Structures are given as structure tokens and as C-alpha cells.
Protein chains: 4
Amino acid sequence: MLSSVSQPGLENVATAAPAALRIYQLYVRGDDAFVEDHVSRAIANGYTAFCLTVDTAHYSRRERDIAKRFVRASRLRVSGSDFQMGLEWRTIKLIKDKYKIPLILKGIATAEDAAIALDHGVEWIYVSNHGGRQLDHGRGAMHVLPEIAAAVAGRAGIMIDGAFCRGTDIVKAIAMGANLVGLGRLQCWALAAAGEAGIVWMLELLEDEVIRCLGLLGVTNFAELDKSYLHAAMPTNPPSVFSAFPLLDIEPYRY
Amino acid sequence: MLSSVSQPGLENVATAAPAALRIYQLYVRGDDAFVEDHVSRAIANGYTAFCLTVDTAHYSRRERDIAKRFVRASRLRVSGSDFQMGLEWRTIKLIKDKYKIPLILKGIATAEDAAIALDHGVEWIYVSNHGGRQLDHGRGAMHVLPEIAAAVAGRAGIMIDGAFCRGTDIVKAIAMGANLVGLGRLQCWALAAAGEAGIVWMLELLEDEVIRCLGLLGVTNFAELDKSYLHAAMPTNPPSVFSAFPLLDIEPYRY
Amino acid sequence: MLSSVSQPGLENVATAAPAALRIYQLYVRGDDAFVEDHVSRAIANGYTAFCLTVDTAHYSRRERDIAKRFVRASRLRVSGSDFQMGLEWRTIKLIKDKYKIPLILKGIATAEDAAIALDHGVEWIYVSNHGGRQLDHGRGAMHVLPEIAAAVAGRAGIMIDGAFCRGTDIVKAIAMGANLVGLGRLQCWALAAAGEAGIVWMLELLEDEVIRCLGLLGVTNFAELDKSYLHAAMPTNPPSVFSAFPLLDIEPYRY
Amino acid sequence: MLSSVSQPGLENVATAAPAALRIYQLYVRGDDAFVEDHVSRAIANGYTAFCLTVDTAHYSRRERDIAKRFVRASRLRVSGSDFQMGLEWRTIKLIKDKYKIPLILKGIATAEDAAIALDHGVEWIYVSNHGGRQLDHGRGAMHVLPEIAAAVAGRAGIMIDGAFCRGTDIVKAIAMGANLVGLGRLQCWALAAAGEAGIVWMLELLEDEVIRCLGLLGVTNFAELDKSYLHAAMPTNPPSVFSAFPLLDIEPYRY
């Protein structure tokens, strides 16, 4: 999945990886013509699906960045935020009426929005809280997945992302109703650790973990899973006052 | 909101800020004449509303003060505590029968008391546990808000205070049924950090946080919020044996 | 309350404090004649009530003592443990049939046992887990109080003990249905801190805390309290692997 | 209980301890002839029961071993894993149809599997999560015991293992419906601490703890226990991010 704020851009990625399953993810920073231009180019360049980002009406206050007076280079050239802020269901309808490419809405966080998306013929619901970086005290993707899976009831595909680091994490999401699991940070870590070989190794580890987990659950494929394989558990990493500032060292802390 | 134990007093504040929305908050430390005198002066000086403090039948044991042999200067000149201790609904009736100024009861902590206040024609229920300083192991204002909001059911306004530090905290209270959120310590911190400019900056930060939070929740104003936007969560700051003594350093502690 | 393993014994305490409300608490370490002898002497010496200890079928493994090879002096002269182990409702019936002194059973921990005690005409149910020293992972006295209070339903008095250290702790027990709260360690601490004057001071502090708490709850006496004044809360002191060994310093510990 | 990967093997153990209650536990690493060979030899050598291991379709990722590049000697000579992976109910039927020795299935973790086992005439359900080493985030044996005990409803015996270290732990499992409790690590610890005498001492301690616990619960034998003697409690050892790596020292950790 290639976002519209990622390099080297829609066409270059298509040229470099023509046979790959490619999804183009748009941040709407322009008018209808802007949106249509991107949809058309995604279709023309053989993208499998088109994804609209719907959870960025505002750029969040990122306090670690603020504390360090750090501004991401990509933020300096942002324009068209008003279009993102004013994004409405009208745009989804526009795309569905005029284009024939599977549409994904990324950032769905409630059963209610999933239902409206279904009413608009959206093919994929992408459950995400944007890596936890957008809404202070928002719910985790895995927390909202059950109610969204119940609302979708098989009428659309469900993608999910948010801190998936293990093959067993993936198994849990699939058992809870997801069809696809997105990885972000994990790829960066693998790249940082060992470059391209790191990515391959990371994927092999995930595959190995998935296979062992499925086998030990007594199933031979994802399709046999359902939520009866899951049980609520207490968190291994409870939230704390300083969760948002893992590098901050304030000792002793008591309150 | 100006309390009767704050300086520079009812008239001076009115003179200094004639156009401001001002609320006068009384600690009842005298008889009916004492109460009527304050209500009359509040009306005469253009206060928007009159607030009775109803959660101070006793001054609490403040053990950090006791441990340091510290007595607040304002405590030295306290008189009339018996009136505060004996405060009854009769006084509320007296004010409502005789004066035409919106009445606020500050320190309501149960649905039962909110209902009695409504029966007396009180216009505003002020949910507060007095900054957590009054009743050992009392419930937090946000804990009691849901049952009080249900009891009030729109028949009075609801104010709340208690540890509100973020724009998102304010959004949560509004979504749960409050109409106004009171800030106390936050103003002191801002003043201590940067004086008058600090207050302005603090308010700007709150506004920014509120706007981003509303936008990311998918609403454009407070009125669209209701409690369906909230979900119970585990505390980020669980209580401990030493919660009341944050500066106490006893290590190691195990029990 | 004077236990049969305490000094200076039934008669000496009566002589020293003839006007005090005195309760005699028996560890049954002999046959029926042994029991009857103590009941008769308690009556003869003006004790207000007679208490049978019913939670010591075994002396518990006290591992801190074992680890230090410490044996309490009082344990060296223990005899008659078999009688304590074999204590049955028959003995309660024997006392009730033959003597006219209010009977207390100390160590009741279930609604079922409370009901049987009521059937035997017992006047006071003493809810206690023996300071947490008897049964590994037993429930706390405050945990079992609600179901016992419901079972007793006013047909007997309810005493309770177990870690009561604050006036507010006492208020909680009364609100939950207890009529009397027992103090043990608190008296030792007060004595150790300041001798007889420490006891007086401790009691004054408790009284002060109770009065402020009742006032801030909006009541003027214990009788106005009921369990609606209480709400379940998370523990301020969660159990840990080393709870039983507070002085043990094993760092770092992770599992 | 002697597993097929333990020394000195089926016949030698029988010779060394002819009068002992012996159970033979098979890891299925061969075809039907392999299984039948072991069952026959177990019967011929006077084993009381035969146990099939059913929770090892895969050898788990043991990351502490991986991190240390450690490979257990016994893993080097493993063959026939495919048979273990492909183990089906067919093999249970084969044994039950042809042999007359009580059959135990070790590693049952759901009521559903327990029910299928009962349908196959299995005499003992062995509830286990393999010491927590097999399935990442699997449920504990004590967590699944209630639903399995309900499903079994007395139609088969129930064994359980998993971190039982105290007599009181054993009492809890029996009260929850188990008939036998297995010990593994505890025997290794006792052996390491004091050899053969350590084992005897460990068993004496367990017996002492069981007897005191039963007595303090007011019962004189296991048969009087049922689940009404148990109450859900919060864990004394909550899981953490590093639970799997108790020796890892990463400080400070915050997230």
C-alpha cells in the first residue's frame, strides 16, 4: 500500500513493481478533480484497489515532536488540509458512481461508520486508529474490531492495522473477523535491522509463528478460525501516565 | 467564579471586571442575614449567578499539611463553621423564594441530591469532589457524572470540576452530560509558568485540543456529542497506598 | 476483648477493670468441662459476652516465622489442639442451652456458617479472617461481609476485624452492615508509639476521622448509613507475589 | 508418569519400580505400528494407564533458547514429527478398540475437545497447556478447568498440571473439579535442592499444606469440596511485556 505522501509516487511504484498487488492510499488534499485524478491514475497504473484516508480531519498534536521542536519535512509542504477536514460521504459516492476499482476506507473506528460505508458500496473497511497517533485516548483497532465485524457481517472485506508484531497477533485479528492485517512499523524495524534481507526474514518469522499458532489451535487454515478461539485477557502492558513519553525518565513518580 | 474566601472580594472584582461573566461562590459562615447580604450584593454587582458551596460540612483532615505542621493563613481567620456544618435545604429555599439570580449548588455528588436540588428550583448542579481534598476515598466527579446527568435529564445545567487538564478531558465531560467544566489548578500552573500570558496560552492550548478532538471524533460542535462517544477504560494512573503523599519516598515498598 | 491466650487472665482483668465492657474469647483447648468452666467464670466475673474462636482448626503455616526459625513463646505451651480441631456446633448448643450470656462466634467467613449460627441462637457473628494469617488466599473480612450481612438480616449483631486503620475504614464497615469493628494491630502500634497516651490519641484520631467522614457523607450518625453509600473500587494495594514477605528484597523481579 | 522422551525408558522404569503406579506418556512419532508397539509394551510392563500427548502438533518457538542459540540435546534426535502433527481422533479409536488400558489425553484445553474425547471412551482428560511453553498467549490450565469440568460432568477423570507449587494450589484444582494434579518443575526444584530427600520433604510440605487448608476450609477430605469454596481473585503476578524473559533486565521501561 502506497500512500500519497510516500515516495516515489504512484507511477514510479507501478513501473518498479508492475506485477505486485498494489493499493493506492489517498490523503484528500484537493477538490473533486484532485480526487478523480488520483483514482484515474491508480486505475491506469493497475492498482488493485483505491484507499481513502478518513481519519485525518486534523493532524494530531504530536507532543513528542512538539517537545523537541521537530517538524517532519513532509509537514512543511502540506497544503489542502481544508479538503481533508471537509471530507464527506459525497466523495465516496462520487468515486463509486464513476469508477470501477475496489474502494477502501482507512480509519473506520465505529460500527456506525462501517454501516454507512456499506451503504455506499465500499468494498473494504480498514479498521485503524492511525497507529494511535491521531486521537488522544482513542480506542485500539482490536477493541473496535468485534463491533465492526458484527456490523459488516461479511458484506465487505475488513483490513486492520495497529501494532501487529507477531504471527499470533495476526491470527487473533483474523479470528476476530479481519481478512487482512496491515504492517507498518514492523517493516521499518526489519529494514533498519537488516535491509531487504530483514524484510524477508521478518515475513518468514511471521509465517512461522502463524503456522505454529494455527497448528497448536488445532486448525489447518485461517478459515477455520472464529472468535470462539479468543478470550478476553488482561493487558500485558497497561497504560500509564507516561505511556506517550516512553523515553521520559521521571523518578520517583507517585500519585 | 470568585469564592467568598478569595481576594479582592465581591465588589472589587466587579469593579475590575464589570463586563466579565462573574459567578459568586459562597461558603456559608453566618446566619440567614449573612447569606442574604451576599446574595443581594452579588445581584447588585451584576454577578451572573450565585453559587452555594455544599460539600464542606467539615474541613477535611489534610494530612500533608498536618505532617508539615502547616496551617493555611486563610484557616486562621475562619469563623462561622457551625453555619456551614448546619447548612440545610431550607437556605436554598430561602434564596430561591426571595431572589432572582440563577443558583448553583457546588459539591453535588449523588443523583439523589441532584434530584432534591431540582425540586428546589436550582438552575445549576455543580458536580465536584472539591479537588479530591474533602472526603477520603470519595468518588471522582467523572465517576458520579453519569448518574447525575441521568437524574438531571436536561432540567438544569451541569457544571463539573476535578483534575481537568486537557481539551480532551473537557470533551469527555461534555459528552457525558456536563455543560460547563471548571478549571482550578490548571490556572495556577499556567500563572506560575508564565503569568498572564501563561493563562492565555493555556486557554489556547485547550481550545486547540478541543477542536482537534471534536474534528477527529467526526463532529463540528459539542452539541453533537453524547455518551456513545465514550467507552470505559482502565485508569492510566491507578491509586496506590501512597497516592495521597506523592513526595514521600519509601523504598522498597512491598505488601 | 480478652483472649484465653492473653495475660493476665480472666479474673485479673475483671478485677483491674470491673466497670469496663469486657468480652472473653476462648480458644477451645479442652473438653466440655473446660468450656463450661470458662463460660461460668466469664459470667461470674461480669463479662458482657462470651466469644468462641472458630477459625483455628489448624495453626497456619506462618512462613515468616518458619524462615527465621522463630517459635512464639505462647506456642510452646499449647496443648489441647485436638479439641480446637474437633470443635463442632454441638459445643455452641451446649453453651446456649445451659448459660445465659450473649455468645459470639469469631471467625465466621461465609453466609452459610452465619445462617447455622443463627439457627443455634448465637447473638453475635464475628466476621474475621484472623488478620489474614490463617488460610492462604482466604477472602478478606470486608469481602465476605456483604453476603453475611444479607444472611444475618438484622437477626444478630455483626462484628468485624481485619486491618481497620482509619475512621473511614470503620464507616465503610458500618455502612456495609457491621455493628462493631475490632482493632488489634492498631492498638499495638499506638502503644509502641506512645504508650497509654498513644492509645488515647489513636482513639481520638479515629473519632475525628469518623465524625468528619459522616458529616461529609451528609449524615449525623451511623444509623443513617447503608450500603448505598459505598461503591466498589479498585484496590490501592494490589496483591503481589511477595505480599506475604514485605521485608524480602528481591530485585529485579520479573515474570 | 514417564514420557517417551524420558530416560531410562518404558521397560527399565517398570523393572526399577514394579509396584509403583506408573503411567506411560507417548509422543506419537511414528505410524500405527509405532503406537501399538508402545501401548502393548505399556500393558505388558504393568503400566496403570496410557497417555497420549495431544498438544504438540508443533514444537513451539522457545525464544529464550533461540536467543541463546541453545538446542536441547533431545531435540537433535527428534524424528517423526509429521506423525505428531497429523495425530487424529482415529488413533484414539484405534487404541480404545484394540486395547484394555485406561487412556489419558494430555493437553486438552477446551470443553469441545473434552466432549469428543468422552465420545471416544477416553477415561482421563488431562488439562494442560504444556507448562505454558507451547501456544503464545494460550489460556492457563486453571482458566479452562471450569468449562472442561462442566463438560466432563463426572463421566471421566480429570488430571491437571501447570505451575502447581503449593498444597493450597492442589486444593483449588480439586475444588474446581480436578481429580489428580500433576507436578513437574516442583520435583526438579526439590531434587536440585536436596536430592531424593528433597522430594520427600517437598511431598511432606504439600501434604501439610493440604491438610491445614482443608481443615481451615472446614472439611475433612477432598470429596467435600466443590467450586463454591472458590472465588475469582485478581492475579498476584500480572503478565507483563517481559513475562517470557524473566532474566532480561531492561531499565527503565515505559510505554
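Scope of this entry: the structure provided in the associated data block. These figures come from a predicted structure and were not determined experimentally.

To continue, consider the sheet that holds strand E5 (residues 124-127) of chain C. Residues and elements named next belong to chain C. In space, the seven strands of this open sheet follow the order E1-E2-E3-E4-E5-E6-E7, with parallel pairing throughout. Every interior strand has two partners, whereas the edge strands, strand E1 (2-3) and strand E7 (180-182), have only one. Sheet analysis places strand E6 (residues 157-161) next to E7, joined by three bridges and oriented parallel. Within E7, the position partnered with Asp161 by the bridge is Gly182. Contacts from helix H6 (residues 89-98) reach strand E3 (49-53) and strand E4 (103-108), with the element oriented near 160° to E4.

A word on the pairing of strand E6 (residues 157-161) of chain A. For a regular strand, side chains alternate in direction, first toward one face of the sheet and then toward the other. All names here are of chain A. Of all the five residues making up E6, five are buried; the element is thus mostly covered by neighbouring parts of the structure. Side chains of E6 alternate between two faces, with Gly157, Met159 and Asp161 and Ile158 and Ile160 buried alike. In terms of strand pairing, strand E5 (residues 124-127) meets E6 through four bridges, oriented parallel. If you follow Ile125 over to E6, its bridge partner there is Ile158. Remark: the E5/helix H8 (residues 141-152)/E6 crossover connection has right-handed handedness. Crossover handedness for the path E6 to helix H9 (residues 167-175) to strand E7 (residues 180-182): right-handed.

At an RMSD of 0.0 Å, chain B and chain C line up after a rotation of 90° and a shift of 0.1 Å along the axis. Each copy turns onto its partner about a four-fold axis. Here only 9% of the interface residues in chain B have copies in chain C that are interface residues too; the copies meet through unlike faces.

This part covers the pattern of salt bridges. The final tally for this structure, using the stated rule, is 52 salt bridges over all chains. Two residues, Glu11 of chain B and Arg41 of chain B, come together in a salt bridge whose shortest N-O distance is 2.8 Å. Taken together, the residues span a long stretch of sequence, with Glu11 of chain B in helix H1 (residues 10-16) and Arg41 of chain B in helix H2 (residues 32-44) at a distance of 30 residues. Residue Asp208 of chain D pairs with Arg61 of chain C through a salt bridge whose shortest N-O separation is 3.6 Å. One end of the pair, Asp208 of chain D, is in helix H10 (residues 185-217); the other, Arg61 of chain C, is in the loop between E3 and helix H3 (63-67), on a second chain. Each of the salt bridges in this network shares a partner with another, and the network as a whole consists of Arg61 and Glu63 of chain A together with Arg166, Asp208, Glu209 and Arg212 of chain B.

This part covers helix H9 (residues 167-175) of chain C. Residue and element names in this part refer to chain C. In terms of burial, H9 is a largely internal element, eight of the nine residues being buried. Burial in H9 covers these residues: Gly167, Thr168, Asp169, Ile170, Val171, Ala173, Ile174 and Ala175. Check the buried side of H9 and you find it contacts helix H8 (141-152), E6, E7 and helix H10 (185-217). Looking one or two residues past H9, Gly177 carries a phi angle of roughly 120°, positive in sign.

Turning our attention to the arrangement of the chains. Chain A shows no contact with chain C. Their nearest C-alpha atoms sit 11 Å apart. Across all C-alpha pairs, the smallest distance from chain B to chain D is 11 Å, and the two are not in contact.

Bringing the relation of the copies chain A and chain B into the picture now. The transformation that overlays chain A on chain B combines an axial shift of 0.0 Å with a rotation of 90°, and the residual RMSD is 0.0 Å. Comparing contact sets, just 9% of the residues at the interface of chain A also lie at the interface in chain B, consistent with a heterologous contact between different surfaces.

For the rest of this paragraph, the subject is the interface of chain A and chain B. How big an interface is tends to be stated in terms of the accessible area lost upon association of its parts. Counting from both sides, the interface comprises 22 residues of chain A and, opposite them, 25 residues of chain B. Across the interface of chain A and chain B, roughly 2100 Å² is buried in total on both sides, 55% from carbon and sulfur atoms. At the junction of chain A and chain B, the tally comes to three salt bridges. A salt bridge links Glu63 of chain A to Arg166 of chain B; its shortest N-O distance comes to 2.6 Å. Applying the counting rule to chain A against chain B returns seven residue pairs in polar contact (both at pLDDT 80 or more). Taken together, the residues of the side of chain A that touches chain B break down into ten nonpolar, six polar and six charged.

A few words now on the interface of chain B and chain C. With 22 residues of chain B in contact, the opposing surface of chain C contributes 25 residues. Regarding the contact of chain B and chain C, the summed buried area is about 2100 Å², with carbon and sulfur atoms giving 55% of it. Close ionic contact of Arg61 of chain B with Glu209 of chain C constitutes a salt bridge, the shortest N to O distance being 3.8 Å. The interface formed by chain B and chain C contains six residue pairs in polar contact (both at pLDDT 80 or more). A breakdown of the residues in the side of chain B that touches chain C according to their chemical character gives ten nonpolar, six polar and six charged.

How each quantity is defined
- Residues numbered from 1 in each chain as written.
- Chains lettered and ligands numbered in written order.
- Predicted model: local features only at pLDDT ≥ 70, side-chain atom pairs only at ≥ 80, totals over all residues.
- Heavy atoms only, no water.
- Pairing = 2+ DSSP bridges.
- Helix = DSSP H or I, 4+ residues; strand = E, 2+ residues; numbered from the N terminus.
- Contact = heavy atoms within 4.5 Å.
- Axes fitted to C-alpha atoms, helices over the stretch in contact; angles between N-to-C directions.
- Buried < 20%, exposed > 50% of the residue type's maximum accessible area, 1.4 Å probe, protein only.
- Right-handed = clockwise from strand over helix to strand, strands pointing away.
- Least-squares fit on C-alpha atoms with pLDDT ≥ 70 in both.
- Salt bridge = Lys/Arg side-chain N within 4 Å of Asp/Glu carboxyl O.
- Buried area = accessible area lost by both parts, 1.4 Å probe.
- Polar contact = N/O pair within 3.5 Å; in protein donor to acceptor, adjacent residues only side chain to side chain.
- Nonpolar A, V, L, I, M, F, W, Y, C, P; charged D, E, K, R; others polar.

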